[in-house]
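# Fold and geometry: a report
Here are the chains, one letter per residue:
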Amino acid sequence: MINKVVPSAVAAVSDISDGSTLMLGGFGLCGIPENCINALVHKNVKNLTCISNNAGVDDFGIGLMLHKKQVRKMIASYVGENAEFERQLLSGELEVELIPQGTLATRCMAAGYGMPAIFTPAGIGTEVADGKEIRNFNGKDYLMELAFEADFAIVKAWKGDTAGNLVFRATSRNFNPVMAMAGKITIAEVEELVEPGQLDPDHIHTPGIYVHRIFQGSAYEKRIEQRTVRQKTSS
Amino acid sequence: MLTKEQIAQRIAKEIQDGYYVNLGIGIPTLVANYIPEEVHVVLQSENGLLGMGPFPFEGDEDPDLINAGKQTITTLPGSSIFDSAMSFGMIRAQKVDLTILGAMEVSENGDIANWKIPGKMVKGMGGAMDLVASAKNIIVAMQHVNKAGESKLLPECTLPLTGVRCIRKVVTELAVLDILPEGGFLLLERAPDVSVDYIRQATRGRLTIPGHVPTMALT
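A brief report on the enclosed structure follows.

## Quick word on the sheet that holds strand β7 (residues 140-146) of chain A
All names here are of chain A. Strand order in the open sheet formed by three strands is β5-β7-β6, and the pairing between neighbours is antiparallel. With one partner strand each, in any of the chains shown, β5 (117-120) and β6 (134-137) form the two edges of the open sheet. Strand-to-strand, the axes of this sheet are offset by a mean angle of 35°, without reference to chain direction. As paired strands, β5 and β7 are joined by four bridges and run antiparallel to one another. Bridge pairing links Ile 118 to Glu 145 in β7. Running over the sheet, helix α5 (residues 101-112) touches β5 and β7 and is turned about 150° from β5.

## Some words on the interface of chain A and chain B
Taken together, the contacts link 51 residues of chain A with 46 residues of chain B. Together, the buried faces of chain A and chain B total about 4,200 Å²; carbon and sulfur atoms form 60% of this surface. Among the residues of chain A in contact with chain B, Thr 171, Thr 228 and Arg 230 of chain A are the three that bury the most area, contributing 16% of the side total. Linking chain A to chain B there are five salt bridges. Salt-bridge contacts for Lys 116 of chain B lead to Glu 127 of chain A; the nearest nitrogen and oxygen are separated by 2.6 Å. One can count 27 residue pairs in polar contact (both at pLDDT 80 or more) joining chain A with chain B. Breaking the side of chain A that touches chain B down by element, the ones donating at least two residues are α4 (83-91), α5 and α6 (176-180) of chain A. Counting residues per element, the side of chain A that touches chain B draws most heavily on α5 of chain A, which supplies six residues. By residue class, the composition of the side of chain A that touches chain B is 21 nonpolar, 18 polar and 12 charged.

## Notes on the side chain of Lys 152 of chain B
Residues and elements named next belong to chain B. The residue Lys 152 is located in the loop between β8 (138-141) and β9 (153-154) in this model. Glu 173 is the oppositely charged side chain nearest to the buried, salt-bridge-free Lys 152, at an N-O distance of 7.6 Å. Beyond its immediate chain neighbours, meaning those up to four positions away, Lys 152 contacts Ala 103, Met 104, Glu 105, Val 106, Met 142, Gln 143, His 144, Val 145 and Asn 146.

## Some thoughts on the sheet that holds strand β5 (residues 98-102) of chain B
Each strand in a sheet pairs with its neighbour through backbone hydrogen bonds, running either in the same direction (parallel) or in the opposite one (antiparallel). All names here are of chain B. Pairing in this open sheet of 10 strands is mixed, and the strands run β4-β3-β2-β1-β5-β8-β10-β11-β12-β13 from one edge to the other. Each edge of the open sheet is held by one strand with a lone partner, namely β4 (75-81) and β13 (207-208). Note: strand β2 (residues 42-45) against strand β3 (residues 49-52), two bridges, orientation antiparallel. From the neighbouring strand, Gln 44 faces β3, where its bridge partner is Leu 50.

About the cut-offs
Residues numbered from 1 in each chain as written. Chains lettered and ligands numbered in written order. Predicted model: local features only at pLDDT ≥ 70, side-chain atom pairs only at ≥ 80, totals over all residues. Heavy atoms only, no water. Pairing = 2+ DSSP bridges. Helix = DSSP H or I, 4+ residues; strand = E, 2+ residues; numbered from the N terminus. Axes fitted to C-alpha atoms, helices over the stretch in contact; angles between N-to-C directions. Contact = heavy atoms within 4.5 Å. Buried area = accessible area lost by both parts, 1.4 Å probe. Salt bridge = Lys/Arg side-chain N within 4 Å of Asp/Glu carboxyl O. Polar contact = N/O pair within 3.5 Å; in protein donor to acceptor, adjacent residues only side chain to side chain. Nonpolar A, V, L, I, M, F, W, Y, C, P; charged D, E, K, R; others polar. Buried < 20%, exposed > 50% of the residue type's maximum accessible area, 1.4 Å probe, protein only. Lys, Arg positive; Asp, Glu negative; His and termini not counted.

This is the structure:
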């Protein structure tokens, strides 16, 4: 088996340079690559383009990179919950491209499947369609959207083996598998790193061929954005 | 006039046994509370879950298990988890039977605006544009008029659009309305204690009023 293990988050991101385009997995703060984000903040790499569904909150996730003004352009579907983001956007320090969530996911998927473009009805008749090619199939209009090109995809999985095979847990899966497929270099951080053979091949979500570097992360905070509960007394 | 809970309660009556349903944030989320036990539905959360269960009991919150509103939730027996591309794949392929979402404005030809107000911080469309572009049946839960008393059911939307010619039914604090295939709102039901005349004045889009407009039944 090919061994993809790197010793640490710092080693995993060591060659990410200023001006790189990064994909970062996660939905809200769920399933984000916490260790790699911290390493990128420490490395203080600048002028990044980040493709991620959201932009974190002020003091966690991508918000940490925004705080240090490391992000030049954010490509996302929803960017609420972040005051520093809003400030940089209004001051012109930060460029933002908002795209429909399904389009975002499918442009990642297309890259991982080796397809240059997709056709989606999302955004037809709206400003999202401005300047884009429209094709009609079976009487319905579709927008042509291009596969993403990312220098690095950075994802978080639950378990992984040294060959780079990944298993995700619950809804922390979200964008992680499609982004893992889409990076020129894909970095995976996992909660538990195991030897080949310890994961059932039938249960692998992301085959190791898509993963170039893997390491076991530590000290996961897994912050909850909206803690909602019901009382034990109610039905 | 209906409360938000009552709007949700009325929409719940549109859900049929065997439906896969996507509920948006806000009033649509409340709809889940009013689905009768004998009506079996599967709730889709577009961050990658079919079979969304209720909020967890205190102490059982799992940070890896949230809905599209980023709230902690639970799974149910028979739930399944998938990635974001597959989630929108099943939406695009019209496997989801019913989508319920909120709106700032709806036009008489079924256009919807619910993501952007010029001059205000834009947070993004999330999955709304994908949902409205593909869903085979969309019900909008919204306020009939804004805080200034101006109609939000219009001849044409004034805000940037989320999708075009996609809305089929609207439930507001005043009324239940269909949007006709040829355009125009059709008044189906009125809220208790709300007159047809009041609804006519609160609706700027073209409104067809049948001879008899029954009062909404909520249960």
